[in-house]
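Take a look at the letters that make up each chain.
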Amino acid sequence: MKKISKYNYKSDKCKCGKEITRNATQCGHCTHQKYDKILTKEFLYKEYIVNKKTMRQIAKQVECGVCAVETRLKKFNIKTRSISEAVKGKNNPFFGKYHTKEAKIKMSLAHKGKLVGKDNPSWLGGISKLPYLFKFNKKLKKQIRNRDNHTCQLCGMTEENHLNKYKQNLCIHHIDYDKKNCDKNNLISLCNSCHGKTSMFRGFWREYFEYLINKKKPTREQAIKLISKTINKNALVISSLGMTSRFVYKLLDKYKPFYLVGGMGSCLSVAMGIALNTKKKIIAITGDGETLMGLGTLVTHKRLNPKNLWHFILDNNQHASTGGQKTISNKCDFKSLSPNTIVIKIKKGKGNAGRIPLTGKQIKERFLKVLNE
Amino acid sequence: MENKELKKWVNSHNFIVGVPCSKLNDLIPYDRAIIATREDEALGMAIGAKLMGKNPLLFIQDSGLGNCLTLLTSILKYYTIKIDILISIRKYPIYHGYMGNITKQILKLMDYKNYKYIIEK
């Protein structure tokens, strides 16, 4: 038996012979053929780019939907304007107007007090206004600066330079962010700008300083998991050749990183070229043998100094993928060349990770897809 | 060098990077160009800019071509990326001459066929 619908639509026939169940005059295939004759590539180029009409205006002119225009623009590879581009200057509805003083006061009052205290998303329970302990005095701070040789443990800035620049001694940082814990293993001396960095990504810095103070070395897997704590929603990952790339493929493949499988010593320079041209955060992971090949790049990194580039060096003092020959990274201080690097010293050994099965074209296309999202 | 077409072509790029050469001083706008320490580093930065959708230009000397041979083969060929390169060929002094004579043959060996050869008058 045939199914009969609830509503009694007329069942007509189109010119081409197809059945139409609803009250339409033509079938969908025929209407699109009609549009194809009018919306040619030359017509769209003339109206959209030369005359600068909007999609909606063209659709009204031809008497069709906006979607029909949009799909054809994509089909002919004509670049569409974004919203911010379309409402620039005189096209903006607010061009030449301004708010009155009363309206400004009204707006500020409406938003006042909305993000203060407990309503702030990064509220941690009012820790910042708690007082410091009596134990945490000048004597203890002096002992810790003496232990750290009067240098910043992250960027290697000396105390003399710090006094000239900021007119104060080096800051003392609580590693587990607890003011009541004044144990010597919980305190470390940092410069002013590095101390500011530690307020973000607290999970990463806590673990990193614990490895530094206790002089323990993580394995390569643990180190890459540590780095993954700094990865944001919009971050891009680039990894160098050798064992680092293989382990990044094993652990962090969901971020779709760019593996530089060839090109020795060029990972940081490629990352710098990317960082100079976007506002997204970029994370470059290199090994010690690779950075020693392109030492000059560290100095260029210091001079150009793109703020959105984070450079990590996994230092284990050997060429792991070729059989464990020694490098000279223990004689070289990377921090003195560029203060923006973060060196993580890891255990020796190769570890278990296979080669990357992707081809170069696949890696590039996957990476470019992430960019356009 | 007074070549107006070449100067127009250089100015059409929006990310210029390389290592300076005395013969190219009139062509390159040094106020918006980035000067790198080595040629392979400059090529690396150009590759990064290309991935971001920019139109980069690399300018080097002929003897600097030897420094970036690894990137020209194992990155540009492997990932299929195309970049504009401006090479100045010098025959004097003589320590430049050895490389200057075989630059075209090296490009042919690496299968880069799309190049223009301009002689200074």
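Residues numbered from 1 in each chain as written. Chains lettered and ligands numbered in written order. Predicted model: local features only at pLDDT ≥ 70, side-chain atom pairs only at ≥ 80, totals over all residues. Heavy atoms only, no water.

## Thoughts on the overall build of chain B
Heads up, the rule is: To qualify as a helix, a DSSP run of H or I must reach at least 4 residues; to qualify as a strand, a run of E must reach at least 2; elements of each kind are numbered from the N terminus. Here the globule rule is a power law, 2.2 Å times the number of residues to the power 0.38, and the radius of gyration is based on C-alpha atoms. Burial here depends on accessible area, computed with a 1.4 Å probe over protein chains only, as a share of the maximum for the residue type. Under 20% is buried, over 50% is exposed, and the range in between is partly exposed. Every residue pair with non-hydrogen atoms within 4.5 Å of one another is taken to be in contact. Residue exposure ignores everything except the shown protein chains as possible cover, and the areas themselves are Shrake-Rupley values with a 1.4 Å probe. For the purpose of charge, His is not counted, nor are the chain termini; Lys and Arg are scored as positive and Asp and Glu as negative. Charged groups are reduced to one reference atom each: NZ for lysine, CZ for arginine, CG for aspartic acid, CD for glutamic acid.
Summing up its helical and strand segments, chain B has four helices and four strands in all. Written out in order from the N terminus, the α and β elements of chain B read α-β-β-α-β-α-β-α. Taken against the 2.2 N^0.38 rule, which gives 14 Å for 121 residues, the C-alpha radius of gyration of chain B at 14 Å falls within 12% of a compact globule. Across its three principal axes, chain B shows a C-alpha extent of roughly 40 × 30 × 25 Å. In chain B, buried positions account for 47% of the 121 residues. Across chain B, every contact between residues at least 6 apart in sequence was considered, and the portion connecting residues at least 24 apart equals 68%. Put simply, chain B shows about 7000 Å² of open surface, and 53% of that area lies on carbon and sulfur atoms. Charged side chains of chain B number 17 positive and 11 negative; the gap between the two group centres comes to 6 Å.

## Considerations on the sheet that holds strand β1 (residues 15-18) of chain B
All names here are of chain B. Rules: Here a strand pair is declared whenever DSSP counts at least two bridges between the two strands. Note on geometry: axes are C-alpha line fits, over the in-contact stretch for helices, and angles between N-to-C directions span 0 to 180 degrees.
One open sheet accounts for four strands, arranged β2-β1-β3-β4; its pairing is parallel. If you trace the sheet from one side to the other, it starts and ends with β2 (33-35) and β4 (84-88), each paired once. Pairwise comparison of adjacent strand axes, ignoring direction, gives a mean angle of 20 degrees for this sheet. Across five bridges, strand β3 (residues 56-61) lies against β4 in parallel orientation. If you follow Ile 60 over to β4, its bridge partner there is Ile 87.

## Side note on the domain arrangement of chain A
Formally: As used throughout, domain bounds are those supplied by an automatic or database domain assignment.
According to the domain assignment, chain A consists of domain 1 (12-86), domain 2 (135-213) and domain 3 (220-371). Here the C-alpha centroids of domain 1 of chain A and domain 3 of chain A sit 48 Å apart.

## Comments concerning a positive patch on the surface
Residues and elements named next belong to chain A. This is how the line gets drawn: Residues qualify for a patch when their relative accessible area is over 30% and they have no salt bridge, like charges being joined within 9 Å and the nonpolar side chains of Val, Leu, Ile, Met, Phe, Trp and Tyr within 5 Å. The working definition used for a salt bridge is a side-chain nitrogen of Lys or Arg within 4 Å of a carboxyl oxygen of Asp or Glu.
A cluster of basic side chains, namely Lys 217, Lys 326, Lys 331, Lys 345 and Lys 348, defines a positive patch on the protein surface. One can find Lys 331 in the loop between β10 (325-326) and α16 (334-337). Since its relative accessible area comes to 73%, Lys 331 is described here as exposed.

## Points about the state of the cysteines
Going by this rule: The definition used for a disulfide is geometric: two cysteine sulfur atoms within 2.5 Å.
Tallied over the entire structure, the rule returns zero disulfides over all chains. The closest cysteine sulfur to the non-disulfide-bonded Cys 152 of chain A is located on Cys 155 of chain A, 3.7 Å from its own sulfur.

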